[in-house]
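# Chain and residue survey
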Amino acid sequence: MKETLEHGHGHKAARYKVPVDYLIMFGICLLFVAVALFLDSPREILEGYARINLSRSVLITDYVALAGIGAALVNSALLLFLNLLMLIATRNAPNGRIMAALFLTIGFSLFGKNLFNTLPITAGVWLYGRLSGIKFSSLVLHGVVSTTIAPIVSEIAFFSGEGINVYMIATAYAVGVFVGFIFPAVAEYVKRIHSNFCLYNGGIAGGFIATMFAGLMRSIGMEIAPENYWSDEYSMHLTILACGIAMALIVYGFFADQPSMAFKRFRNILGESDPDDSDYFAKYGSAIYKNIGIMCVLSVAVMYFLNIPINGPILGGIFTISGFAASGKHLRNTIPILIGSIIAVHLNHLESTAPVNTLAILFSTGLAPIAGKYGWIWGIATGFFHVSIAVFIGDINGGLNLYNNGFAGSFVAVIMLPAIEFFRGMRAKLRGKR
């Protein structure tokens, strides 16, 4: 692991050296901007970027369809860049959860997050720390993940559809600060629900907050209409981009790791099954990049196998799987979930390639720890039931929670975990009587 933070003695901190892991993420920022400028003109990018920030951004708003691939990639690069600056300014060393959150930022900035709707929420998290006496450096992860409910800000600001209204924007920003303020406490509380078996804890917290606000908004006559921006025009470009990043990370993972340990550490990652100890970054260092890249390739392959074009939301799901390969996901605990979810989408009444189905397949892997702990059969069952819940639960919060599958995952975990323990107990009793 490269040198990250150096704390000196006394009141003054020693010189800070930017971790190489953050430099890799900066490299992805530059790549996105370069690809954007190659595919679109600066004028098209600026016009598209304005449309992104003035959009309602509720699920499902594919920024590639709404504003063009160039603007979508620049939006993603900008938010990732700002989050990296925030981590560096607070001298946070990278860990598994932080790396996962950065990949979440890359992905969800392609369909829901933008500078306009994320700023007040992050400010609310900062205010929570200020009033609670907690250093913001300890809350940065919440500051990144809390933007799952960013569409609340956009929905209030642009609900009327009549352009810019200063009063509504001020109201939206006040609400954004408030939801950011309460998010850290809610996120810590909801961990009790799933006992770390759902990796998307921020989505669970966001789901409860978004559901509350959706109810309040509907009660005063604000009907939240779903969006359906869904593109397949740039599938080949985005596939090449995802695979290129994946291969680069795999190669880096092999060369940055000790040659004698490269395969051994990867095998060790595949053996991980403890949901309470899932920070692969802390355990294996640069070896995680092999896992990240391989999981990215797996995700792309699954979409190709199912004949699903890659767009903004799909790429968001792919990068989510990739990011959590640093904190909880690997081939052995992810494949069973994917199998169960694929079976489910081919049995429900929706088209198998419907957006909610395809997203549910990718994001169902947030429950990978269940498969890792209890085995393939329970993993397949978990993936199956996740899709059954995820495709409908977005109606509850009106698409205001971007990590909607995390919210669905909490329901699945609450149902599956006691059921699994019950049947395991019954099986043990039956074996004992023989």
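Let us look at the overall build of the protein chain. Helix and strand counts for the protein chain stand at 20 helices and zero strands. On the principal axes, the C-alpha backbone points of the protein chain span a range of 75 × 55 × 50 Å. Partitioning the intrachain contacts of the protein chain with sequence separation of at least 6 by distance along the chain shows that 80% fall at a separation of at least 24. With an accessible surface of roughly 18300 Å², the protein chain has 65% of that area assigned to carbon and sulfur atoms.

Below, the discussion takes up the packing of aromatic side chains. Applying the stated criterion across every chain yields a total of 20 aromatic pairs. With centroids separated by 6.3 Å and ring planes inclined at 40°, the aromatic side chains of Phe103 and Phe319 adopt a geometry described as tilted. Placement of the pair is Phe103 in helix α5 (residues 96–108) and Phe319 in helix α15 (residues 312–323), with a sequence separation of 216 residues. Classification of Phe103 as buried rests on a relative accessible area of 1%. When its relative accessible area of 1% is taken as the criterion, Phe319 is described as buried. Clustering of aromatic rings is evident, with ring pairs tying together Phe108, Phe111, Tyr200, Phe324, Phe363 and Tyr403.

Overall, the predicted model of the protein chain reaches an average pLDDT of 93, with 96% of residues at or above 70. Per-residue pLDDT stays below 50 along residues 1–13; that stretch engages in 23 contacts with residues further than four places along the chain or on separate chains.

Attention shifts here to a nonpolar patch on the surface. Residues Ile193, Phe208, Val414 and Ile415 make up a contiguous nonpolar surface patch of roughly 330 Å² in combined accessible area. What makes Ile193 partly exposed here is its relative accessible area of 31%.

Bringing the packing of helix α10 (residues 201–219) against helix α19 (residues 376–397) into the picture now. Remark: α10 packs on α19, axes separated minimally by 7 Å, with the N-to-C direction vectors making an angle of 50°. By the angle between their axes, α10 is oblique relative to α19. When α10 is examined against α19, the residues Gly207, Ala210, Thr211, Ala214 and Arg218 are found in contact with a partner set consisting of Asp395, Ile396 and Asn397. A class-by-class count of the residues in the contact of α10 with α19 yields three nonpolar, three polar and two charged.

This part covers the pattern of salt bridges. For the structure shown, the criterion picks out six salt bridges. A salt bridge links Glu227 to Arg56, with the shortest nitrogen-to-oxygen separation between them at 2.8 Å. On the criterion of sequence distance, the pair formed by Glu227 in the loop between α10 and α11 (235–256) and Arg56 in the loop between α2 (42–53) and α3 (63–67) is long-range, its members being 171 residues apart. Across the salt bridge formed by Asp277 and Lys283, the nearest N and O atoms sit 2.8 Å from each other. Connected through shared salt-bridge partners, Arg56, Glu155 and Glu227 make up one network.

Of note, the bond from Leu59 into Ile60 is cis; its omega dihedral lies within 30 degrees of zero at -5°. Here Ile60 shows up in the loop between α2 and α3. A positive phi angle is found at Ser57, which is not glycine, with a value near 65°. Positionally, Ser57 belongs in the loop between α2 and α3. Ser57 sits in the buried class, given a relative accessible area of 1%.

Counting 136 residues, the largest nonpolar core has Met25, Phe32, Leu102, Met303 and Ile318 as the members making the most contacts within it. Among the elements that line this core, the one with the most residues is helix α4 (residues 69–89), at ten residues. With residues near it in sequence (within four places) discarded, Met303 still touches Ile308, Ile314, Ile318, Ile361 and Leu362.

A grouping of Lys373, Arg424, Arg427 and Arg431 is seen on the molecular surface, where their side chains present a positively charged patch. The dominant element in the positive patch, judged by the number of residues it contributes, is helix α20 (residues 404–433), at three residues. Relative to the elements of secondary structure, Arg424 occurs in helix α20.

In helix packing, the relevant descriptors are the interaxial angle and the interaxial distance, both defined with respect to the helix axes. Interhelical geometry of helix α14 (residues 288–305) versus helix α16 (residues 331–345) gives an angle of 15° and a closest axis separation of 12 Å. Between α14 and α16, the crossing angle belongs to the class labelled roughly parallel. At the point where α14 passes α16, the crossing takes the right-handed sense. Two secondary-structure elements touch here, α14 through Ile294, Met295, Leu298 and Val302 and α16 through Leu331, Thr334, Ile335, Leu338 and Ile342.

So, about the side chain of Thr105. Within the secondary structure, Thr105 is located in helix α5. Once you skip the residues sitting within four places of it in the chain, Thr105 turns out to touch Ser76, Leu79, Leu80, Asn83 and Val144.

The next point concerns α4. Here α4 contains 21 residues, and its C-alpha end-to-end distance of 30 Å stays within 8% of the 30 Å for a straight helix at 1.5 Å per residue. Of the residues trailing α4, Arg91 is marked for its positive phi of about 55°.

This part takes up the environment of Ile209. Secondary-structure assignment places Ile209 in helix α10. A C-alpha to C-alpha distance of 9.7 Å links Ile209 and Ile152, two positions 57 residues apart in sequence. Ignoring any residue separated from it by four or fewer positions in sequence, one finds Ile209 in contact with Ile149, Val179, Ile182, Phe183 and Val186.

Conventions used here
Residues numbered from 1 in each chain as written. Predicted model: local features only at pLDDT ≥ 70, side-chain atom pairs only at ≥ 80, totals over all residues. Heavy atoms only, no water. Helix = DSSP H or I, 4+ residues; strand = E, 2+ residues; numbered from the N terminus. Contact = heavy atoms within 4.5 Å. Areas by Shrake-Rupley, 256 points an atom, 1.4 Å probe, with all protein chains shown as cover. Phe/Tyr/Trp six-rings, centres within 6.5 Å; stacked < 30°, edge-to-face > 60°. Buried < 20%, exposed > 50% of the residue type's maximum accessible area, 1.4 Å probe, protein only. pLDDT = per-residue confidence, 0-100. Patch = residues over 30% accessible without salt bridge, like charges linked within 9 Å, V, L, I, M, F, W, Y side chains within 5 Å. Salt bridge = Lys/Arg side-chain N within 4 Å of Asp/Glu carboxyl O. Axes fitted to C-alpha atoms, helices over the stretch in contact; angles between N-to-C directions. Parallel < 35°, antiparallel > 145°, perpendicular 65-115°, else oblique. Nonpolar A, V, L, I, M, F, W, Y, C, P; charged D, E, K, R; others polar. Core = buried A, V, L, I, M, F, W, Y, C linked by side-chain atoms within 4.5 Å. Lys, Arg positive; Asp, Glu negative; His and termini not counted. Charge placed at Lys NZ, Arg CZ, Asp CG, Glu CD. Left-handed = near helix turned anticlockwise from the far one by under 90°. Expected span 1.5 Å × (residues − 1).

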